[in-house]
Protein chains: 2
Amino acid sequence: MELACNLCQNLVMDGQAPRKTLPRLDESLLIHLPPFSRLAKRQIRTILDQATSRRYDEGAAVFHEGDPADRFFMLLDGYVRVIRITETGEQVTALHIPAGQLLGFARAIGRDTYPATAVAATESIALSWPTRLWDTFLADYDGFATETYKTLGYRMGEMNTRIVELATQQVEQRVANALLRLINQTGRKVDGGIEIDFPITRQDLSELTATTLHTVSRLLSGWEKRGLVESRRKRIKVCNPHALVVLSQGQASD
Amino acid sequence: MELACNLCQNLVMDGQAPRKTLPRLDESLLIHLPPFSRLAKRQIRTILDQATSRRYDEGAAVFHEGDPADRFFMLLDGYVRVIRITETGEQVTALHIPAGQLLGFARAIGRDTYPATAVAATESIALSWPTRLWDTFLADYDGFATETYKTLGYRMGEMNTRIVELATQQVEQRVANALLRLINQTGRKVDGGIEIDFPITRQDLSELTATTLHTVSRLLSGWEKRGLVESRRKRIKVCNPHALVVLSQGQASD
DNA sequence: AATTCTATTTGCGCTGGCGCAAAGAGGTTT
DNA sequence: AAACCTCTTTGCGCCAGCGCAAATAGAATT
């Protein structure tokens, strides 16, 4: 289920400018992605011709909470972090979205502004379409509706899980769970373990688990001493997922 | 936006048996509810003829997490609490649903089991239909899709808010917020304030705010001394909403 | 009226994890 | 290579709020 990234090559070459439609978007960009997989080549062509593609630097916002939801997106490469910011300026990360998923489809849930801010967790590429096309997509493209609502359901499940975790678990369990979820969803097998596929700081992890960067740092240090994880600056590798599972569920193993 | 409860009278008379379709469901039951409000009388008739109505005692489950989602529901009267139960047996309340809303429409988000358990917070009445009719409703009834997805969006917003609250606020603020939300959504004006329209214990409130019944009790006692609320067994009345708003957002006064 | 059950209140001690502070360490720019 | 910046680590003290325990108070049942 990996994205053929060489397809994106020409997009990446585009450089940092927020550029509009490119010479030629290849149909194979979309053909394997669930929302579009049932469509004929001609339909894909139409869809691509209406799309705008753009590259986002690490940390760049794809859209902002509260902005009018005038476009919806398909993430082609990279990872996006969905965050909310409180009145007091604290950030809370709601979700990570991997390549191959739709995002910013506020329209699907009857909203006309984005409910949260989306930030590229790593250099990313996304296609986008004007929101007015949303209903067309839904009506005209077989399987599109079903798939997007599945995505919606999945994200609701994720949110629910986070609520339950925040409500019932200790910090150590929450961080362990977050780490496990990250390697499941965005993990990359490397020598000696599984590494999170994008740069992630202690601060980021703390925003994902409702704690402080200090506590996350202490936990990771402890785990590293016990050989559960290895970490460098902005990189975390899980060496012993099973031990983490134990931590995430049960009592502290000491 | 109140439900004409006399319409339900004959249903209530039905007693406690889990009964099937009743002699005659009146069309005015649905005509004013958003998902159906655009429909012709004949359509409503068809919908009602396919519906099963049932009364739920306080505390009775409408459906259980994990069960096959073979029916979807419209709450006609009462309130339903949506809860999840952790492996360790703790309950977490996700949401309260007031009369007039759909629930259990797992199908809409591509699921075939219920993602949570729904329990009647007070004696309640709901219509239900077999899930296989869902797609028919969506396709045939104008405005139905839009409305249900609005509901979905609203609930996602609620969940998001809870996540942010749990992640960033102190217990006192969370309880104040929960109380405010409850009186906004399900409040009933009574002498000297606004009362939550269904029986709710300290325990319930603690499951809604991720704390313990003890802490909730202490907070309510304190607030009662200061005249912000009045409470009896299973009943809470908010006398000074504004002061609660202050508590819910800012620093503890005093 | 007595019993039982559920809901609420309150006291007290303990601790997980936050806040503060300061020092290291790895990267990047000049 | 020096200066700067961001990220990480670690120590220490404190306190919000939990856990435990026990008393009280309404409702419901007998």
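Caption draft 1: Highlighting the confidence of the model for chain A. In the predicted model, chain A carries a mean pLDDT of 90, and 89% of its residues have values of at least 70. In the predicted structure, residues 1–21 of chain A sits below a pLDDT of 50 and forms 32 contacts with residues beyond four places in sequence or in another chain.

Caption draft 2: Quick peek at the protein's contact with DNA strand D. Taken together, the neighbourhood of DNA strand D is formed by 17 residues, with Arg202(A), Ser217(A), Arg233(A), Thr211(B) and Thr215(B) sitting nearest. Here a phosphate oxygen of DNA strand D sits 2.7 Å away from a polar atom, N or O, in the side chain of Ser217(A). Note that a phosphate oxygen of DNA strand D is positioned 2.6 Å from one of the side-chain N or O atoms of Thr211(B). Contributing elements (two or more residues each) for the surface near DNA strand D: α7 (213–225) of chain A together with α8 (213–225) of chain B. In terms of residue count, the dominant contributor to the surface near DNA strand D is α7(A) (five residues). In the surface near DNA strand D, the residues fall into two nonpolar, nine polar and six charged.

Caption draft 3: Spatial organisation of the environment of Gln169(B). Residue and element names in this part refer to chain B. The topology assignment puts Gln169 in the loop between α5 (144–168) and α6 (171–186). Since its relative accessible area comes to 15%, Gln169 is described here as buried. Each C-alpha atom of the pair Gln169 and Gln249 lies 8.7 Å from the other, and the pair is 80 residues apart in sequence. In this view, Gln169 contacts Val164, Arg174, Asn177 and Ser248; residues no more than four positions away in its chain are not counted.

Caption draft 4: Quick look at the interface of chain A and chain B. Of the residues lining the interface, 24 residues belong to chain A; the matching set on chain B comes to 25 residues. Summed over both partners, the interface of chain A with chain B comes to about 2,500 Å²; 76% of that surface belongs to carbon and sulfur atoms. Among the residues of chain A in contact with chain B, Met156(A), Met159(A) and Ile163(A) are the three that bury the most area, contributing 25% of the side total. Joining chain A to chain B, the criterion identifies zero residue pairs in polar contact (both at pLDDT 80 or more). Elements with a minimum of two residues in the side of chain A that touches chain B: β5 (91–98) and α4 (144–168) of chain A. A total of 15 residues in the side of chain A that touches chain B trace back to one element, the largest contributor, which is α4(A). Taken together, the residues that form the side of chain A that touches chain B break down as 13 nonpolar, six polar and five charged.

Cut-off values and rules
- Residues numbered from 1 in each chain as written.
- Chains lettered and ligands numbered in written order.
- Predicted model: local features only at pLDDT ≥ 70, side-chain atom pairs only at ≥ 80, totals over all residues.
- Heavy atoms only, no water.
- pLDDT = per-residue confidence, 0-100.
- Contact = heavy atoms within 4.5 Å.
- Near = heavy atom within 4 Å.
- Polar contact = N/O pair within 3.5 Å; in protein donor to acceptor, adjacent residues only side chain to side chain.
- Helix = DSSP H or I, 4+ residues; strand = E, 2+ residues; numbered from the N terminus.
- Nonpolar A, V, L, I, M, F, W, Y, C, P; charged D, E, K, R; others polar.
- Buried < 20%, exposed > 50% of the residue type's maximum accessible area, 1.4 Å probe, protein only.
- Buried area = accessible area lost by both parts, 1.4 Å probe.

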